[in-house]
Amino acid sequence: MTTASDSNLSKDQPVLLALRALKLGDLLVAVPALRGLHRAFPGHRILYAAPAWIAEAVELVGGIHHLPTPGLDDPLAVPRGTVDIAINLHGNGPESRLRIEELQANRVIAHESPGIDGPAWITGIPERERWTRLLGWHGIDADPLDYRLNRPAVPSPRPGATVIHVGAAYGSRLWPVERFADVAVHLAAAGHQVVLTGGTSERVRAEETAALAKLKGANLDDGLLAGRQGLAEFAATIAGARLVVSADTGAAHLASAYGRPSVVLFGPAPAEEWGPPPGPHVVLTAVELRRGDVFSADPDPALLAVSVGDVVDAVERLGC
């Protein structure tokens, strides 16, 4: 695994730093921009500043080095003046602008802000297009449809399985476990090999889902992968999946990155910005009910409006 700490920054190789100290899905929608940067600056060492736990996913982009960055509270872990080009892929708020300014880079690529030339920040466009649009304004070609990831070096532990991802970072995106269990029961009865994924903190949700499914005749004990996988193995599971059912999380973005059929349940986030690209993907939500509070502890009404039947019908439309 390659990180910025693997070797000292070479004085002979210019450094390009892209700041995006966010989660897995945020990395995956930035892949087209990162690919464009890699092509435009082949002689630069490209650092992607993001949390340490995301390193295995950064490696799947190809040609990008990881700079562990827990957030925006502290300056980035590179000496001032050593970065040639600094790119704000994090957003356009004062915190990210300050972290970029502190680098004292020779060139800054960012949205328009006091003292910085760039495109105006607009809402309502897909995130993949947001960042390729930014680069385009600065004269750098990038294709918003260049979002595919390299395959992980590790194999899938369940090739051909149907992945039901029960977790999400915030309560606003947590579809009830009872509904996940009912979907699992239906799919298992239809011949799917169902596995349940999620992070370590979501292991309990996966266990509850499996227990409820078992009461209805579907034994998923052998498919309890939540909390037991590293990021590379998780990506491999998605890459080899028959189908992915997930809320708007990293699992859904991985399904897009590997072209796997997916049913994506949206709650607080707008699907027009964060939804999957064209492909074998179905988005389910109720826009008219969306409250839009991403950090809420309670599921968004737009998410709760999605029924088990809606998911089952979407799977049938996908032909899975």
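Quick caveat, the model's predicted, so the values are computed rather than measured. Position numbers for residues count from 1 along each chain, tracking the sequence in the order it is written. Local features in this predicted model are restricted to residues of pLDDT 70 or higher, and side-chain atom pairs are both shown and tallied only at a pLDDT of 80 or more, whereas totals for entire chains, interfaces and linings draw on every residue. With hydrogens and water stripped out, all remaining heavy atoms of the structure feed into the side-chain values.

**Let's talk about the sheet that holds strand β8 (residues 243-247)**
Okay, step 1: Note: two strands are recorded as paired if DSSP finds a minimum of 2 bridges between them. Secondary structure is summarised from DSSP: a helix means a run of H or I of at least four residues, a strand means a run of E of at least two, and numbering begins at the N terminus for each. Strand order in this open sheet of five strands is β7-β6-β8-β9-β10, and the pairing throughout is parallel. Only two strands of the sheet have a single partner each, and these edge strands are β7 (194-197) and β10 (281-284). Neighbouring strand axes in the sheet, compared pairwise and without regard to direction, differ in orientation by 15° on average.
Okay, step 2: Relative to strand β9 (residues 262-265), β8 runs parallel, the two being bridged by four bridges. When the sheet's bridge partners are listed, S246 is paired in β9 with V264.
Okay, step 3: Working rule for contacts: check all heavy atoms of both residues, and any pair within 4.5 Å makes them a contact. In this analysis an axis means a line fitted to C-alpha atoms, helices contributing only their contacting stretch, and an angle means the value between N-to-C directions, from 0 to 180 degrees. In this fold helix α8 (residues 250-257) packs onto β6 (162-165), β8, β9 and β10, with an angle of close to 145° to the strand it touches most, β8.
Okay, step 4: Packed on one face of the sheet, helix α11 (residues 308-318) meets β8, β9 and β10 and runs near 160° to β10.

**Here's the deal with the side chain of S262**
Okay, step 1: Residue placement: S262 occurs in strand β9.
Okay, step 2: Every residue in contact with S262, bar those within four places of it in the chain, is listed here: L243, V244, A255, P280, H281, V282 and L318.

**Remarks on the pattern of salt bridges**
Okay, step 1: Every case where a carboxyl oxygen of Asp or Glu lies within 4 Å of a side-chain nitrogen of Lys or Arg is listed as a salt bridge. All chains considered together, the criterion is met by twelve salt bridges.
Okay, step 2: A salt bridge links D146 to R39; the nearest nitrogen and oxygen atoms lie 2.9 Å apart. Pair noted here: D146 is in the loop between α4 (127-137) and β6 and R39 is in helix α1 (residues 24-40), with a separation of 107 residues, a long-range link.
Okay, step 3: A residue is classified by how much of its surface remains accessible, and R39, at 47% relative accessible area, is partly exposed. For the exposure calls, accessible area comes from a 1.4 Å probe over protein chains only, and a residue counts as buried if that area is under 20% of its type's maximum, exposed if over 50%, partly exposed in between.

**Observations regarding the packing of α1 against α8**
Okay, step 1: Look at α1 against α8: their axes get within 8 Å of each other, and the N-to-C directions meet at 25°. Viewed along their axes, α1 and α8 adopt a mutual orientation that is roughly parallel. When the axes of α1 and α8 are compared, the crossing they make is left-handed. Only G250, H253 and L254 of α8 make contact with α1, whose side of the interface consists of L24, G25, L28 and V29.
Okay, step 2: Of the residues contributing to the contact of α1 with α8, the split by class is four nonpolar, three polar and no charged. Should an angle fall under 35 degrees it is taken as roughly parallel, and over 145 as roughly antiparallel, whereas 65 to 115 is taken as roughly perpendicular and any remaining angle as oblique. The hand of a helix crossing depends on one turn: near helix anticlockwise from the far one by less than a right angle means left-handed, and clockwise means right-handed. Note that Gly is not counted as nonpolar here; it falls among the polar residues with everything else outside the nonpolar set of Ala, Val, Leu, Ile, Met, Phe, Trp, Tyr, Cys and Pro and the charged set of Asp, Glu, Lys and Arg.

**As for the sheet that holds strand β5 (residues 107-109)**
Okay, step 1: If you trace the five strands from one edge of the open sheet to the other, you get β3-β2-β1-β4-β5, paired in parallel fashion. The open sheet has two edge strands, β3 (65-68) and β5, and neither has a second partner. Neighbour-to-neighbour, the strand axes of this sheet turn through a mean angle of 25°, independent of strand direction.
Okay, step 2: Running over the sheet, α1 touches β1 (15-19), β2 (45-50) and β4 (85-88) and is turned about 165° from β2.
Okay, step 3: Against the sheet, helix α3 (residues 94-102) engages β1, β4 and β5, with an angle of about 175° to β4.

**Observations concerning unusual backbone geometry**
Okay, step 1: Of note in the backbone geometry, Q104 takes a positive phi value of approximately 55° without being a glycine.
Okay, step 2: Within the element layout of this structure, Q104 appears in the loop between α3 and β5.

**Considerations on the packing of helix α5 (residues 177-189) against helix α6 (residues 203-215)**
Between two packed helices, the angle of one axis relative to the other and the distance separating the axes together describe the packing.
Okay, step 1: Contact pair α5 / α6: the axes reach a minimum separation of 8 Å and the direction vectors enclose 50°. Taken together, the axis directions place α5 and α6 in an arrangement best described as oblique. When the axes of α5 and α6 are compared, the crossing they make is right-handed. Between α5, through V177, E178, F180, A181 and V185, and α6, the contact on the second element is made entirely by R205, E208, T209, L212 and A213.
Okay, step 2: Across the contact of α5 with α6, the residue classes tally to six nonpolar, one polar and three charged.

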